[in-house]
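Each chain, written out:
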Amino acid sequence: MRQPPIRPALGTIPTYKPGKPPAPRAGIATYKLSSNENPYPPLPSVLLAVEDTAAQLNRYPDMGASVLYEAIADRFGVPTSDLAAATGSVAVLYHLLQATCADGDEVLYAWRSFEAYPIAVGATGASGVQVPLGEGARHDLDAMAEAVTERTRVVLVCTPNNPTGPAVTEKELRRFVGRLPDDVIVVVDEAYREFVRDPDVGDGTDVYRGRGNVVVLRTFSKAYGLAGLRVGFAIAPTRLAEAIRKVSLPFGVSSIAQAAAIASLQAEDELFERVEALVGERTRVLDGLRESGWDVPDSQANFVWLALGDDTVDFAVTCDEAGIMVRPFPGDGARVSIGETEANDVLLRVAAQWRADHA
Ligand SMILES: *Cc1c(COP(=O)(O)O)cnc(C)c1O
């Protein structure tokens, strides 16, 4: 029987494996530490904005997201012409790649890094070129610069890197961008920027200024706690921002998502107190893990990385039984989100016991 053709490029795309929710367990509390979500519920002021907007659901959202764009432009000191919002920063990345890549092109990124990258790249027909992480599970930017070819259209720099945690310093990033041809786009994926405390790590927006090829991705999903609403954006040179907007779905970002994002920017002080508490928990978790003998890379994000190799799945099962669902990458390691204090306590307890049992 004849079948409708599907583009061959799709055959090479891995499927996205979302972090699982924990199974309910009799007698113990369970926590989801598998998707780097914010454990805090939405702020009352954000819920209020959502409720107000809900009364107008018969209307399409503001297609140009003009109020949201103005709020972001204000906050970051960039013109609205240099913004492109979509349903999560992953969607922004899809749109950017769709606007710039085709069959035969190359997109370069570190590996292991964000698992959405191979999927987003594969969907365009371009080939993904993966450059292994270097020392300390950090980006090897020298190796990445050397891997650039005539066919490279885009380089993705995930900082802090999901799932390993370290961030690229401003000096490293500037030097890297300086080494690349002007017609190669550098995407600086800063999904976890608000959790960074290393003073040597800068803002991608400082590197984007004055350049035609640097695109910064930000999201409301993590620090702002709006993962369920799907809104992220690019800060990009006008020409690239325009290209991203051109291929975006009309009315993609819902009116509720726009309103919640605007309310969140207005409530940054309150939200960033929560981020500060999570950063405190991250320090406590990193210290605790190291005290019990784990070799953990630095994390500037809201998760930690345990390089467990072949033990990864066993460790994840042990965590699950104790009430925490982590994100295993079989054969490589487990990523554990920083969650509620009690959840982090469970991780420290399980991880210490694991070390003792596997000494
Ligand atoms: C979570 C995450 C995002 C954000 O995704 P959204 O689509 O905005 O929810 C982007 N990049 C990385 C590396 C992430 O981990």
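Heads up: the structure comes first, above all this text.
An account of the accompanying structure is given in this report. Computed from a predicted structure; not experimentally measured.

**Quick look at the sheet that holds strand β11 (residues 327-329)**
Pairing is antiparallel in the open sheet, where three strands are placed in the order β9-β12-β11. Lying at the two open borders of the sheet, with one neighbouring strand each, are β9 (303-306) and β11. On average, each strand axis in the sheet is tilted by 20° relative to the strand beside it, whichever way the strands run. Two strands pair when backbone bridges link them, and β9 and strand β12 (residues 333-337) are joined in this way by four bridges, in the antiparallel orientation. Looking across to β12, one finds that L306 is bridged to A334.

**Re the packing of helix α11 (residues 312-322) against helix α12 (residues 341-357)**
With their axes 10 Å apart at the nearest point, α11 and α12 run at an angle of 135° to one another. Taken together, the axis directions place α11 and α12 in an arrangement best described as oblique. Considering only the axes of α11 and α12, their crossing is right-handed. Taking contact as the criterion, the partners of D314, F315, T318, C319 and A322 in α11 are, on α12, V346, L347, V350, A351 and W354. For the contact of α11 with α12, the residue count by class is eight nonpolar, one polar and one charged.

**Description of the site of the ligand**
Residues in close proximity to the ligand total 13 residues, the closest being S89, Y192, T219, S221 and K222. Within the contact set of the ligand, a nitrogen atom lies 2.8 Å away from a side-chain nitrogen or oxygen of D189. In a pocket analysis with a 2 Å cut-off to the grid points, the ligand is assigned to the largest pocket. A per-class count over the shell around the ligand returns five nonpolar, five polar and three charged.

**Some remarks on the packing of aromatic side chains**
Applying the stated criterion to the full structure yields twelve aromatic pairs. Note on F220 and F233: the rings are 5.8 Å apart at their centroids and 45° apart in plane angle, and the pair reads as tilted. Remark: F233 occurs in strand β8 (residues 232-235) and F220 occurs in the loop between β7 (214-219) and β8; sequence separation between them is 13 residues. The class of F233 is buried, set by a relative accessible area of 4%. Ring geometry for F315 against W354: centres 5.3 Å apart, planes inclined by 90°, an arrangement best described as edge-to-face. Of the two residues, F315 is situated in helix α11 and W354 in helix α12; the sequence distance between them amounts to 39 residues. Each member of the pair, F315 together with W354, is buried.

So, how was this worked out
- Residues numbered from 1 in each chain as written.
- Predicted model: local features only at pLDDT ≥ 70, side-chain atom pairs only at ≥ 80, totals over all residues.
- Heavy atoms only, no water.
- Pairing = 2+ DSSP bridges.
- Helix = DSSP H or I, 4+ residues; strand = E, 2+ residues; numbered from the N terminus.
- Axes fitted to C-alpha atoms, helices over the stretch in contact; angles between N-to-C directions.
- Parallel < 35°, antiparallel > 145°, perpendicular 65-115°, else oblique.
- Left-handed = near helix turned anticlockwise from the far one by under 90°.
- Contact = heavy atoms within 4.5 Å.
- Nonpolar A, V, L, I, M, F, W, Y, C, P; charged D, E, K, R; others polar.
- Near = heavy atom within 4 Å.
- Polar contact = N/O pair within 3.5 Å; in protein donor to acceptor, adjacent residues only side chain to side chain.
- 1 Å grid on protein atoms, 1.4 Å probe; cavity = no way out; pocket = protein on both sides within 12 Å on 5 of 7 lines; lining within 4 Å.
- Sits in = over half its atoms within 2 Å of the grid points.
- Phe/Tyr/Trp six-rings, centres within 6.5 Å; stacked < 30°, edge-to-face > 60°.
- Buried < 20%, exposed > 50% of the residue type's maximum accessible area, 1.4 Å probe, protein only.

In short, geometric facts, not functional conclusions.
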